[in-house]
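Now for the letters of each chain:
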Amino acid sequence: PGRAKRLLLSQLFQPLSLPVGEAGWEGRPGEPTCRSQRLMLQGGLIHPTSPGCYCYLPPTVRAMEKLIRLMDEEMQAVGGQKLNLPSLSSAEPWRASGRWDQMGPELFRLVDRHNHSYCLGPTHEEVVTELVASQSNLSYKQLPLRLYQVTRKFRDEPKPRFGLLRSREFYMKDMYTFDASEEAAQQTYDQVCDAYCRLFSRLGLPVVKVRAATGSIGGTTSHEFQLPADIGEDRLVLCPGGHFAANVETLNEEQTSCPTCGERLTETKGIEVGHTFFLGTKYSSVSNAIFSSPENKPQLAQMGCYGLGVSRILAASIEVLSTEDSIRWPSLIAPYQLCFIPPKRGSKEEEEGVAQLERVYDSLAEALPHLAGDSVLDDRTQLTIGKRLKDANKLGYPYVVIAGKRVYEDPPVFEVWNQNAGEVLFLTKEGVIELLSKVQVP
């Protein structure tokens, strides 16, 4: 009693290959790397198994689960209900919608022992529309219906690259909405887009909503949520005043100025982290997804679909926020919020420093229980404080608390690094707890 269970760094499964000196880790020969891929490999966050497929290691899963909790909050705030649809999808509904042929080689296809064709879902419009169509007594009173899931998706990328930014197996949050009228569906579209903007704002990511092409998903209106980045594969044009933003593929060649204010449009590259589509009755008409109107007449549901790249947001945020050799997470989704560094073994501060640091750890667990599971103790005391601080900096813990030379003062003083603010503070135990009381964990 009175002692919090300590999470020891030496026991975490996070195989680090942090570079020593200037020579960085460049990946396998011929494999293009970018900052996020390099940092995630070095930091023991991902491990490649085959082209475009990765093991997600425990810290990455922690970050992803936090991100999913934030998405759940935003989706449920707009009336989203979470479900789970199978990854393995029969070819029939895909043939009916025309996408079995339209998707071409991007679709992972397989045949079962009975010679029936299936695909691994890159998206789930057909499956969810069939599900809703199977409810024969759906009434207008039950609409809008906003169904979403977070699941693995599969795409047979011709050239997987850049780690989790373009992989063959990835995680996505996809929502499918069913409304009674075009006007109601447009309201749903606006509400979900606003929820996406709120999510990116909470993460501190400068995402831009841009006009986009509808591509293989179809529909009449589409927007992408783009994170500007040098290695982005999309070309965007933006109005400096924020009145207009579009993917270049939606524009004609001569459009160089903003249609609203006339300012010259600037071009940038972006990583697509979300995509929304207003579908109308494209899929509901194929599956006959109908509801009964107030006059008791059958009517086709108006649909929308909305995707967020879960694993891609993780990698894109590291790509944009990090330095060349140190990971920086959006603070809400850092795998661990806090790293404690005790003195080096055999140093004169060892005994006092360890005792005082354990006191802070226990007091923190008592005062802020939500941070107890978010705190790591770097018990590699054979290493100097400086070496462990350098590693903590590279791994991107938002806060690092060090028991150094000032633990002998009365009261003892700790060195606290606030990584995201780039500042070092010297605080007593009470000061540390007060600082960390502002930390949010989803």
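Computed from a predicted model, the values in this text were never measured in an experiment. (Residues numbered from 1 in each chain as written. Predicted model: local features only at pLDDT ≥ 70, side-chain atom pairs only at ≥ 80, totals over all residues. Heavy atoms only, no water.)

(A) The arrangement of the overall build of the protein chain in detail. Check the secondary structure of the protein chain and you find 11 helices and 21 strands. Projected onto the principal axes, the alpha-carbon positions of the protein chain cover approximately 80 × 60 × 50 Å. Among the 442 residues that make up the protein chain, the fraction classed as buried is 51%. Looking at charge distribution, the protein chain has the averaged site of its 48 positive side-chain charges lying 3 Å from that of its 54 negative ones. (Helix = DSSP H or I, 4+ residues; strand = E, 2+ residues; numbered from the N terminus. Buried < 20%, exposed > 50% of the residue type's maximum accessible area, 1.4 Å probe, protein only. Lys, Arg positive; Asp, Glu negative; His and termini not counted. Charge placed at Lys NZ, Arg CZ, Asp CG, Glu CD.)

(B) Just the environment of tyrosine 361, in detail. Summarising the element assignment, tyrosine 361 is placed in helix 9 (residues 350–367). The sequence separation of tyrosine 361 and aspartate 72 amounts to 289 residues, and the corresponding C-alpha distance is 31 Å.

(C) Region of interest: the packing of aromatic side chains. Within this structure, the stated rule accounts for five aromatic pairs. Taking 5.5 Å as the distance between ring centres and 75° as the angle between the ring planes, the aromatic pair formed by tyrosine 56 and tyrosine 171 counts as edge-to-face. With tyrosine 56 in strand 2 (residues 53–56) and tyrosine 171 in strand 8 (residues 169–179), this residue pair connects regions lying 115 residues apart in the sequence. The two residues tyrosine 56 and tyrosine 171 agree in class, both being buried. Centroid distance phenylalanine 340 to tyrosine 361: 5.0 Å. Interplanar angle 35°. Geometry classified as tilted. Placement of the pair is phenylalanine 340 in strand 17 (residues 338–341) and tyrosine 361 in helix 9, with a sequence separation of 21 residues. On the basis of relative accessible area, phenylalanine 340 is assigned to the buried category, the value being 0%. An aromatic cluster is built from Tyr196, Phe200 and Phe225, whose rings are joined through pairwise contacts. Over the face of the ring belonging to tyrosine 361 we find arginine 6, whose NZ or CZ atom lies 5.3 Å from the ring centre. The aromatic ring of tryptophan 100 is capped on one face by arginine 109, whose charged end is 4.7 Å from the ring centroid. (Phe/Tyr/Trp six-rings, centres within 6.5 Å; stacked < 30°, edge-to-face > 60°. Lys NZ or Arg CZ within 6 Å of the ring centre and 35° of its normal.)

(D) Highlighting the domain arrangement of the protein chain. Per the domain assignment, the segments of the protein chain are domain 1 (9–13 + 336–437) and domain 2 (35–321). On a C-alpha basis, the centroid separation for the pair domain 1 and domain 2 is 40 Å. Between domain 1 and domain 2, the contact holds six residues from the first and six residues from the second. With both sides pooled, the region where domain 1 packs onto domain 2 buries about 490 Å², and carbon together with sulfur makes up 51% of that total. Our count for the contact surface shared by domain 1 and domain 2 stands at two salt bridges. For aspartate 374, the salt bridge goes to arginine 62, with nearest N and O atoms at 3.2 Å. In this structure, the connection of domain 1 to domain 2 is made through three residue pairs in polar contact (both at pLDDT 80 or more). Its residues assigned to classes, the side of domain 1 that touches domain 2 shows three nonpolar, two polar and one charged. (Domains from an automatic or database assignment. Contact = heavy atoms within 4.5 Å. Buried area = accessible area lost by both parts, 1.4 Å probe. Salt bridge = Lys/Arg side-chain N within 4 Å of Asp/Glu carboxyl O. Polar contact = N/O pair within 3.5 Å; in protein donor to acceptor, adjacent residues only side chain to side chain. Nonpolar A, V, L, I, M, F, W, Y, C, P; charged D, E, K, R; others polar.)

(E) Up close: the pairing of strand 10 (residues 221–228). Within strand 10, six of the eight residues are buried, which leaves the element mostly enclosed by the surrounding structure. Judged from the four bridges that link them, strand 9 (residues 208–211) and strand 10 form a sheet pairing that is antiparallel. In the sheet register, valine 210 faces strand 10, and the bridge partner there is glutamate 224. Both strand 10 and strand 13 (residues 266–280) contribute to a ladder of eight bridges, which runs antiparallel. Looking across to strand 13, one finds that proline 228 is bridged to glycine 270. (Pairing = 2+ DSSP bridges.)

(F) Broad picture of the packing of helix 9 against helix 11 (residues 429–436). Contact geometry for helix 9 and helix 11: axes closest at 10 Å, N-to-C directions at 40°. As far as their axial angle goes, helix 11 and helix 9 are oblique. Crossing geometry of helix 9 relative to helix 11 is assigned as right-handed. Contact residues: Arg359, Val360, Ser363, Leu364 and Ala367 in helix 9; Lys429, Val432, Ile433 and Leu436 in helix 11. Its residues assigned to classes, the contact of helix 9 with helix 11 comprises six nonpolar, one polar and two charged. (Axes fitted to C-alpha atoms, helices over the stretch in contact; angles between N-to-C directions. Parallel < 35°, antiparallel > 145°, perpendicular 65-115°, else oblique. Left-handed = near helix turned anticlockwise from the far one by under 90°.)

(G) The confidence of the model for the protein chain, seen in detail. This prediction gives the protein chain a mean pLDDT of 93; 96% of its residues lie at or above 70. Every residue in residues 21–27 is under pLDDT 50, and counting partners more than four places away or in other chains gives nine contacts. (pLDDT = per-residue confidence, 0-100.)

(H) Representation of unusual backbone geometry in the model. Omega for the bond connecting leucine 143 with proline 144 falls within 30 degrees of zero, at 0°, which places this linkage in the cis form. Note on placement: proline 144 falls in the loop between helix 5 (125–133) and strand 7 (145–154). Between aspartate 410 and the following residue, proline 411, the backbone shows a cis peptide bond with an omega angle of 0°.

(I) Structural detail: the sheet that holds strand 18 (residues 375–377). On the basis of which strands lie adjacent, the open sheet formed by five strands has the order 18-17-19-20-21 and mixed pairing. In the strand order of this sheet, the two ends are held by strand 18 and strand 21 (423–427), each with one partner. Strand-to-strand twist of the sheet, defined as the mean angle between neighbouring strand axes without regard to direction, takes the value 20°. Examined bridge by bridge, strand 19 (residues 399–402) and strand 20 (residues 414–418) share four bridges and lie antiparallel to one another. When the bridges of strand 20 are listed, tyrosine 399 appears paired with asparagine 418. Sheet contacts for helix 9: strand 17, strand 18, strand 19 and strand 20; angle to strand 17, the most-contacted strand, approximately 155°. Running over the sheet, helix 11 touches strand 17, strand 19, strand 20 and strand 21 and is turned about 135° from strand 21.

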